[in-house]
Amino acid sequence: KTGQPEDALRLLQESLALTGGTQMSAEAHSLKGRAHRDLGEFDQAVRSFKRSLELSLSGRAAQEAHSYLAEIYTKRGELDRALEHLSERINLDPQDPVGYADRSRAYIALGDLERATEDRDEAYRLNPRYVRAINLDDELAEAFFGQPD
């Protein structure tokens, strides 16, 4: 249920009790991860997203699970782990600019501006109108400006 993560968690637990280790349960774990994330319960969210991927979550849902994991790891300051999940997202669909734009931001946070620029360029090449890629120009300029000569 949108906006009611506690209710969603209860319903998902009931669903998981019925579905076992099926593809449906992979999707339920992913939804459970989103509900935990919305509640700020990041450890539980990580467990749920990882379980969904272990159960062969696929397609767009798997990409989103990797993005959510990267977001949580970024908040925790675990940028190397965030980069792993962003790279996995890209591997699932190398034609999707979202993963490249998000990974570019992680590289900016690490101070790896060369790789950040490469990923920004790839996101932009894949979709020149993708706003998040366009907005990276400002972030990169700020990062370059702040570096010592």
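As the structure is a computational prediction, the values presented were derived from the model and not from experiment.

Colleague: Would you explain the packing of aromatic side chains in this entry?
Modeller: Under the counting rule described, the total for this entry stands at one aromatic pair. Ring geometry for Phe49 against Tyr68: centres 5.3 Å apart, planes inclined by 15°, an arrangement best described as stacked. You can see Phe49 sitting in helix H3 (residues 42-54) and its partner Tyr68 sitting in helix H4 (residues 59-75), a full 19 residues away along the chain.

Colleague: What exactly am I supposed to notice about the environment of Ile134 here?
Modeller: Mapped onto the elements of the fold, Ile134 is located in helix H8 (residues 131-145). Sequence separation between Ile134 and Tyr124 is 10 residues; the distance between their C-alpha atoms is 7.0 Å. Among all residues touching Ile134, those that are not within four sequence positions of it are Tyr124, Pro128 and Arg129.

Colleague: So what exactly am I meant to see when it comes to helix H7 (residues 113-126) here?
Modeller: With 14 residues, H7 extends 20 Å between its outermost C-alpha atoms, agreeing within 8% with the 20 Å of an ideal straight helix rising 1.5 Å per residue. All of the buried residues along H7 are Leu113, Ala116, Thr117, Asp119, Arg120, Ala123 and Leu126. Considering only its buried residues, H7 is in contact with helix H6 (97-110) and H8.

Colleague: Explain the nonpolar core here, please?
Modeller: Nonpolar side chains tend toward joint burial in soluble globular proteins. Residues Phe49 and Ile108 are the most contacted members of the largest nonpolar core, which totals 32 residues. For this core, the elements supplying multiple residues, two or more each, are H3, H4, helix H5 (79-92), H6, H7 and H8. Those residues within four positions of Ile108 in sequence are excluded, and the remaining contacts are Leu113, Ala116, Leu136, Glu139, Leu140 and Ala143.

Colleague: What am I meant to see in the packing of H5 against H6 here?
Modeller: Each pair of packed helices can be described by the angle between their axes along with the distance between the axes. The geometry of H5 relative to H6 is characterised by a closest axis approach of 9 Å and an angle of 160° between their N-to-C directions. The orientation of H5 relative to H6 falls into the category roughly antiparallel. Like other packed secondary-structure pairs, H5 and H6 cross with a definite hand, here left-handed. Mapping the contact onto sequence places Leu79, Asp80, Leu83, Leu86, Ser87, Arg89 and Ile90 in H5 and Val98, Gly99, Tyr100, Asp102, Arg103, Ala106, Tyr107, Ala109 and Leu110 in H6.

Colleague: Would you mind showing me how to read the side chain of His85 here?
Modeller: Residue position: His85 is located in helix H5. For His85, a relative accessible area of 13% translates into the label buried. Excluding residues that lie within four positions of it along the chain, His85 makes contacts with His66, Leu69, Ala70 and Tyr73.

Colleague: Would you mind showing me how to read the pattern of salt bridges here?
Modeller: Where charged atoms from two side chains of opposite charge approach closely, those side chains can pair. Applying the stated criterion to the full structure yields 15 salt bridges. We note a salt bridge from Glu78 to Arg81, for which the minimum N-O separation is 3.1 Å. Note on Arg81: relative accessible area 36%, which makes it partly exposed. Where Asp112 meets Arg115, a salt bridge forms, and the shortest distance between an N and an O atom there is 3.8 Å. Residue Asp112 is classed as partly exposed on the basis of its relative accessible area, which comes to 25%. Connected through shared salt-bridge partners, Arg37, Asp38, Glu71 and Lys75 make up one network.

Parameters at a glance
Residues numbered from 1 in each chain as written. Predicted model: local features only at pLDDT ≥ 70, side-chain atom pairs only at ≥ 80, totals over all residues. Heavy atoms only, no water. Phe/Tyr/Trp six-rings, centres within 6.5 Å; stacked < 30°, edge-to-face > 60°. Helix = DSSP H or I, 4+ residues; strand = E, 2+ residues; numbered from the N terminus. Contact = heavy atoms within 4.5 Å. Expected span 1.5 Å × (residues − 1). Buried < 20%, exposed > 50% of the residue type's maximum accessible area, 1.4 Å probe, protein only. Core = buried A, V, L, I, M, F, W, Y, C linked by side-chain atoms within 4.5 Å. Axes fitted to C-alpha atoms, helices over the stretch in contact; angles between N-to-C directions. Parallel < 35°, antiparallel > 145°, perpendicular 65-115°, else oblique. Left-handed = near helix turned anticlockwise from the far one by under 90°. Salt bridge = Lys/Arg side-chain N within 4 Å of Asp/Glu carboxyl O.

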